[in-house]
Amino acid sequence: MARFAEVVGPITAAALWGGMYVVSKWGFGSIPPATLAFLRVALGAVTLLAVVRLWSPSRSLSRQEHRRFGTLGVWVAVTLLTQFVGTDLTNASQGSLLTVLTPVFTIPLGVAVLDEGLSRRKVGGMAVATVGTIVVLSGQYDLSQVSGASTLGVAALLVASFGWAAYTVWGTPLVRRYSALETATYSTVWAVPILGCAAGVELWLLGVSPLSLPTTLPVLGAVAYLGVFSTAIAWYLWYRGVESLEAGVVAVFFFAQPAVGSLLGFVFLDETLGPAFVGGGVVMAAGIYLVSSADTTP
């Protein structure tokens, strides 16, 4: 039960991210990628700051501490820019396959940066979860389309996968020194001006005025989902996981994201779920269990 309580955060974060790609891909029809990333993070930062002001003690951070949170903010900005640009340039099957590489990047980074253990159970579980994820995706998408992917889109999504792995690993010491809430908040705040500059350049290149961006209820709802749920809440819950678990263990829950996305499509969009979803989901769950139940407490 104690281990279950520890994994609730990252599992819930993966569930919230399950619908993120559908929302963001739809949102690109109304708002350019970098601008949407800025709006997402700006709203997420405001939400997190409001909670910190209410629930966390007031801190006076040193210049070195600001620099460390700023570094995380750079990783956030890099991840979101490349993630949104990559998603815009690829199709759903390509994006889903490439972004689940995040756990694969996180484990070696955790070993190199945090001196985390690398047991056979951990590696085996990660391999099993990877196979299960591919099986789930094969039932949802035509994976033959992956070979025709945009080179720039693929490169962007690979950078995004590594960026989130870096955000997870280098954020772990700060999470354990301060808290998941404060680390998620301060890193998100630092990302806002970076993404604001990128959004300004993007709108200037496209010749689009910020005042001309649509403000219809569906668009505002999409931005709200991305900012409040898939950013503020999900990032906090993700870091809650690394408060008590190794970064490499938390990362394995990232594999649940495409499965949750498929399930949401079944519930809300009347999409079908075939045998590949069930079989792959069982294999994925087995791999996640192997990693999460290993004795890897930091």
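Reading the values: rules and limits
- Residues numbered from 1 in each chain as written.
- Predicted model: local features only at pLDDT ≥ 70, side-chain atom pairs only at ≥ 80, totals over all residues.
- Heavy atoms only, no water.
- UniProt positions renumbered as here; feature names shortened; annotations may be inferred.
- Salt bridge = Lys/Arg side-chain N within 4 Å of Asp/Glu carboxyl O.
- Helix = DSSP H or I, 4+ residues; strand = E, 2+ residues; numbered from the N terminus.
- Buried < 20%, exposed > 50% of the residue type's maximum accessible area, 1.4 Å probe, protein only.
- Expected span 1.5 Å × (residues − 1).
- Bend = angle between axes of the 7 residues up to and from the residue.
- Polar contact = N/O pair within 3.5 Å; in protein donor to acceptor, adjacent residues only side chain to side chain.
- Contact = heavy atoms within 4.5 Å.
- Phe/Tyr/Trp six-rings, centres within 6.5 Å; stacked < 30°, edge-to-face > 60°.

Per an unreviewed UniProt entry, the protein chain carries the name Integral membrane protein domain protein and comes from Halanaeroarchaeum sulfurireducens. Checking UniProt for the protein chain, the heading Subcellular location (unreviewed entry) contains the comment "Membrane".

### Let's talk about the pattern of salt bridges
Applying the stated rule across the entire model yields two salt bridges. Among the ionic pairs, Arg 177 bridges to Glu 65, the shortest N-O distance being 3.5 Å. One end of the pair, Arg 177, is in helix 8 (residues 151–177); the other, Glu 65, is in helix 4 (residues 63–89), and 112 residues separate them in sequence. A relative accessible area of 12% means that Glu 65 is categorised as buried.

### Re the environment of Val 282
Residue placement: Val 282 occurs in helix 13 (residues 275–292). Looking at Val 282, the relative accessible area reads 55%, which means it is exposed. Through-space distance from the C-alpha of Val 282 to that of Thr 133 is 9.8 Å; in sequence the pair is 149 residues apart.

### Description of helix 9 (residues 180–206)
With 27 residues, helix 9 ought to run about 39 Å at 1.5 Å a step, and its terminal C-alpha atoms sit 37 Å apart, in line with that. Of all the bends in helix 9, the largest measures some 25° and sits at Val 192, one to four residues before the proline Pro 193. Positive phi shows up at Gly 207, right after helix 9, with a value of about 70°.

### Digging into the side chain of Thr 79
As for its placement among the helices and strands, Thr 79 is situated in helix 4. Within polar-contact distance, the side chain of Thr 79 engages the backbone oxygen of Trp 75 at 2.7 Å. Those residues within four positions of Thr 79 in sequence are excluded, and the remaining contacts are Ala 160, Gly 163 and Trp 164.

### Considering the packing of aromatic side chains
Under the criterion given, the structure shown has 14 aromatic pairs. Here the aromatic rings of Phe 69 and Tyr 186 are separated by 5.2 Å at their centres, their planes lie at 70°, and the arrangement is edge-to-face. Taken together, the positions of Phe 69 in helix 4 and Tyr 186 in helix 9 put the pair 117 residues apart, joining distant regions of the chain. The class of Phe 69 is buried, set by a relative accessible area of 0%. Looking at Tyr 186, the relative accessible area reads 13%, which means it is buried. Centroid distance Tyr 167 to Trp 235: 6.0 Å. Interplanar angle 55°. Geometry classified as tilted. Of the two residues, Tyr 167 sits in helix 8 while Trp 235 sits in helix 10 (residues 217–242), which places them 68 residues apart along the sequence. Here Tyr 167 falls in the buried class, since its relative accessible area comes to 0%. The class for Trp 235 is buried, based on a relative accessible area of 1%. Linked through ring pairs, Trp 17, Trp 164, Tyr 167, Trp 235, Trp 238, Tyr 239 and Phe 254 together constitute an aromatic cluster.

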